[in-house]
Amino acid sequence: MEYKEYIADIGTKIGILDVIGHYVKLRKQGRNYVGLCPFHHEKTPSFTVSPDKNMFYCFGCKASGDMLTFVRKVHNVSLPEAIEIVSKEFHVDLPPWHMSTQASRERQELLHTLKLVATAFTAALRSAQAEECQEYVRSRGLSSETVEHFSLGYCPRNTDGLVKWCSEHGIDEDSLARAGIVQRHEGRSFSPFAHRLMFPIWDSIGNVVAFGGRAIDGSMPKYTNSPETPLFAKRRTLYALPLAEPSIRKTGTVVVVEGYMDAIALHAAGFTNAVASLGTAFTEEQAVLLKRSATRVLLNFDSDEAGQRAARLALSIADRTGLDVAVVRVAGAKDPDELLREPGGKDQYKVALDQAVSVGDFLLDAAVAGRDMNSVSGQRAFVLDMMESVDGMQDSLLRTQLLTQIARRVNIREEEVLAMYHKGRTRLEQPAVVDPWRLSRRSLGHSRIPTGGSLLSTRSVLEQDVLHGLIHNLDMVSELLPLLDGLSLQDEACQEILSVLRRETSGDTAQVSSLVAQLGPEAAALVGRWSLEEHKLSCQGVRDTADRLRSASSAIIREDGQTDHERGA
Ligand SMILES: [Zn+2]
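Residues numbered from 1 in each chain as written. Predicted model: local features only at pLDDT ≥ 70, side-chain atom pairs only at ≥ 80, totals over all residues. Heavy atoms only, no water.

J.: What should I look at first to understand the sheet that holds strand β6 (residues 153-155) in this one?
T.: The strands making up a sheet associate through hydrogen bonds between their backbones, and the pairing can be parallel or antiparallel. With antiparallel pairing, the four strands of this open sheet are ordered in space as β6-β9-β10-β11. At either end of the open sheet lies a strand with only one pairing partner, and these are β6 and β11 (223-225). Averaged over all neighbouring strand pairs, the angle between strand axes comes to 35 degrees, with direction disregarded. By the bridge criterion, seven bridges tie strand β9 (residues 196-202) to strand β10 (residues 208-215) in an arrangement that is antiparallel. (Pairing = 2+ DSSP bridges. Helix = DSSP H or I, 4+ residues; strand = E, 2+ residues; numbered from the N terminus. Axes fitted to C-alpha atoms, helices over the stretch in contact; angles between N-to-C directions.)

Shown next, in the form of structure tokens:
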């Protein structure tokens, strides 16, 4: 079964509205559905889904494609992973060719290995060899329910035993090495996780993709993680996400902490919407994972100093993703695990969550701290410090709010801060002296090519017009395509669209969604936009435009004696 047939096949079982509606609140508008785009920050919906055409298009950020493209983008995964997610979440069969590529075979093998090793670790924690680890688990106040809920395990001291057990279950030592579980050194096998408490780390749909190991006897490092593999990248993983997701969805809020133990302690205390960022700063990829179920993110940083850097990053993430990001401050800068083990700790933490401050306020407080705000130099330093955070922000509402607050803190008029802000910006911006024809076609994009006056630009407008018309008349495309025979298009996106159109229509009629699935982002955005237009360009218009395009290209050849192809090179 080919991709096209697979899409058609799952299309009969689940609609694009079911899949996208799972992530985006959609409402009907004419023949289409609209909602707030999950891929860019917006306040009025420009994200459009067409059930007739089986595709989506965003008029804001130009994202477009079919349901699998959507799942790929929303989870930030490859096509095989997107197919797996759709199969798992919507209960449809995997296509038979799914296992056929080398990359997906390796991925499957890695998943299988990690799943088996996780079983071995949980079994080992219950055995006699784990006595010291069991004692550690008790000392950390982890109940047997918690141990089971998080599938905690133990990696035995004796790596040979682990290797032997795995090989009896069909996993050889090479596979264990590829998964980062064992290493070989001078003829001996050892594991970087030996004699550690083990935390399986899941992807967003519950596959074990890595492990974290906590030392139980004071050895260093305290925590050790699996290496990055095709399955595991720290910056796009959040520990405990599949366990927390139902609660995040229900409350719209997620608590992000740094360590595994913090997340586990929070869940055990009833804060089941907690996830851990695995010790990295909160990343935009992690924010995208959360955006499908949360609107509000409460960040709980461990230390104040790292906190300021992290807050600055978080501000730009809030700005770019539109998530409402706030900072949780715990008295005495204790980590959540530490606090929750104290009497009354649970109530204190609840208060800390309720009193979370917006990331903007957090930065303002930090910028004020340690400065003499009565002196002019202190005020100036404060304003410049804050402007560094404000500069480059895209969300005008968030930026305006911050500017107002800055003005309030230094007690000067907002316009003065704004003037200072604009003055600072003009200094940074160099006057644009760019010759557009010296830039690569791709970097220019169609919309910025100056129109009129130049034959080249007229041509690329005509090229887009004619393809635009073809997309509106897909039922006639096999009759219309010959109009373009012998013409070489110069717009890269147009070339791409034309070649996919030619390929697709060699058999039966083309579907817009399958065209889009085969195009790069720039070309897909064009076809996506055209196909969702309410009006329809006429067939006669396509013929006329094709004629004009033909005369425009011969005019260029006549004019300077060389083809535009040479000229563009
Ligand atoms: Zn968008």
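J.: What am I meant to see in the coordination of the zinc ion here?
T.: Six octahedral donors at a metal ideally form angles of 90 or 180 degrees, and four tetrahedral donors ideally form angles of 109.5 degrees. At this site the zinc ion is bound by C37 (SG), H40 (ND1), C58 (SG) and C61 (SG), with donor distances of 2.1 to 2.3 Å. One can describe the site at the zinc ion as tetrahedral: its four donor atoms subtend angles covering 104 to 115 degrees at the metal. Mapping the donors of the zinc ion onto the primary sequence yields the spacing C-x2-H-x17-C-x2-C. Taking the relative accessible area as the measure of exposure, C58 reaches 0% and is therefore buried. (Donors = N, O, S within 2.8 Å, 3.2 Å for Na, K, Ca; no water. Tetrahedral: all angles 85-135°; square planar, octahedral: opposite > 155°, others 65-115°. Buried < 20%, exposed > 50% of the residue type's maximum accessible area, 1.4 Å probe, protein only.)

J.: Sorry if this is basic, but what is going on with the packing of aromatic side chains here?
T.: Two aromatic rings, taken as a pair, are described by how far apart their centres are and by the angle between their planes. Under the definition given, this model contains 16 aromatic pairs. Their ring planes at 65 degrees and their centres at 5.5 Å tell us that F39 and F70 sit as a pair that is edge-to-face. Here F39 is found in the loop between β2 (32-35) and β3 (47-50), whereas its partner F70 is found in helix α3 (residues 67-75), with 31 residues between them in sequence. Note on F70: relative accessible area 0%, which makes it buried. (Phe/Tyr/Trp six-rings, centres within 6.5 Å; stacked < 30°, edge-to-face > 60°.)

J.: In this structure, what is going on with the pairing of strand β4 (residues 55-58)? I would like to understand it.
T.: Every other side chain in a regular strand lies on the same face of the sheet, so the side chains alternate between the two faces. Residues M55 and Y57 line one face of β4 and the alternating positions F56 and C58 line the opposite face, and both faces are buried. With four bridges connecting them, β3 and β4 associate as antiparallel partners. From the neighbouring strand, S50 faces β4, where its bridge partner is M55. Here β3 hands over to β4 after four residues, with N54 in that stretch at a positive phi of 55 degrees. Alignment of β4 against strand β5 (residues 64-65), held across two bridges, turns out to be antiparallel. Bridging across to β5, F56 finds its partner in G65. Joining the antiparallel neighbours β4 and β5 is a turn of five residues, in which K62 adopts a positive phi near 70 degrees.

J.: Is there a simple way to think about helix α17 (residues 376-390) in this case?
T.: An α-helical turn contains 3.6 residues, so a residue and the one three or four places further along point in the same direction. Along its 15 residues, α17 runs 21 Å from first to last C-alpha, staying within 8% of the 21 Å computed at 1.5 Å per residue. Within the span of α17, buried status applies to G378, F382, V383, D385, M386, M387, S389 and V390. (Expected span 1.5 Å × (residues − 1).)

J.: Before we go on, may I ask you to explain the sheet that holds strand β13 (residues 274-276) in this structure?
T.: Spatial ordering of the open sheet is given by β13-β12-β14-β15-β16, a layout of five strands whose pairing is mixed. Strands with a single pairing partner mark the edges of an open sheet, and in this sheet they are β13 and β16 (357-358). Where strand β14 (residues 296-299) lies against strand β15 (residues 324-327), four bridges are found, and the strand directions are parallel. Bridge pairing links L298 to A326 in β15.

J.: In this structure, what is going on with helix α15 (residues 345-354)? I would like to understand it.
T.: Looking only at α15, the buried set comprises G345, Y349, A352 and L353. Summarising the axial view, the buried residues of α15 lie within an arc of 100 degrees, below the 170-degree limit, and thus occupy one face. The exposed set on the far side of α15, more than 90 degrees from its buried face, consists of D347 and D354. Structurally, α15 contributes buried residues whose contacts are with β12 (253-257), α11 (260-268), β14 and α14 (336-340). (Arc of directions from axis to C-beta. Contact = heavy atoms within 4.5 Å.)

J.: Help me out: how do you make sense of the environment of L26 in this one?
T.: Within the secondary structure, L26 sits in the loop between α2 (16-21) and β1 (27-29). Considering only alpha carbons, one finds L26 and C37, 11 residues apart in sequence, at a separation of 10.0 Å. Among all residues touching L26, those that are not within four sequence positions of it are L17, I20, G21, Y33, V34, G35, F47 and V49.

J.: Just checking my understanding: could you explain the pairing of β9 for this structure?
T.: Burial analysis of β9 places seven of its seven residues in the buried class, which makes it a mostly covered element. A loop of five residues connects β9 with β10, the two strands running antiparallel in sequence, and G206 in this loop sits at a positive phi of about 95 degrees.

J.: Before we go on, may I ask you to explain the pattern of salt bridges in this structure?
T.: For side chains bearing opposite charge, pairing can occur when the charged atoms are close. Summed over all chains, the structure comprises 18 salt bridges. The shortest N-O distance in the salt bridge between R371 and D385 comes to 3.3 Å. With R371 in the loop between α16 (359-368) and α17 and D385 in helix α17, the pair connects residues that are 14 residues apart, well separated along the chain. Overall, R371 belongs to the partly exposed group, its relative accessible area being 31%. With a shortest N-O distance of 3.6 Å, E416 and R413 are connected by a salt bridge. According to the relative accessible area criterion, E416 is partly exposed, its value standing at 37%. (Salt bridge = Lys/Arg side-chain N within 4 Å of Asp/Glu carboxyl O.)

J.: Sorry, what's going on with the side chain of H472 here?
T.: Take H472: it is sitting in helix α21 (residues 455-472). Overall, H472 belongs to the buried group, its relative accessible area being 11%. Excluding residues that lie within four positions of it along the chain, H472 makes contacts with W530, E533, H535, K536 and L537.

J.: Would you explain the nonpolar core in this entry?
T.: Side chains that are nonpolar tend, in soluble globular proteins, to be buried together. If you look at the biggest cluster of nonpolar residues, it comprises 66 residues, and the most contacted ones within it are L152, I181, F211, Y239 and Y349. It is helix α5 (residues 102-125) that provides the largest number of residues to this core, a total of 10 residues. Counting only domains with at least three residues in this core, you end up with domain 2 (102-232) and domain 3 (236-364). (Core = buried A, V, L, I, M, F, W, Y, C linked by side-chain atoms within 4.5 Å. Domains from an automatic or database assignment.)

J.: Any chance you could explain the environment of S488 here in plain terms?
T.: Positionally, S488 belongs in the loop between α22 (477-480) and α23 (492-504). Note on S488: relative accessible area 44%, which makes it partly exposed. As for S488 and E463, which are separated by 25 residues in sequence, their C-alpha atoms are 9.9 Å apart.

J.: Quick question: what am I supposed to make of the packing of α16 against α17 here?
T.: The angle between the axes and the distance between the axes are what describe a pair of packed helices. Put simply, α16 and α17 touch, their axes get as near as 9 Å, and they point 150 degrees apart. As judged from the angle between their axes, α16 and α17 are roughly antiparallel. Seen along the crossing, α16 lies across α17 with a hand that is right-handed. Of α17, the residues touching α16 (which contributes L363, L364, A367 and V368) are F382, D385, M386 and S389. Taken together, the residues of the contact of α16 with α17 sort by class into six nonpolar, one polar and one charged. (Parallel < 35°, antiparallel > 145°, perpendicular 65-115°, else oblique. Left-handed = near helix turned anticlockwise from the far one by under 90°. Nonpolar A, V, L, I, M, F, W, Y, C, P; charged D, E, K, R; others polar.)

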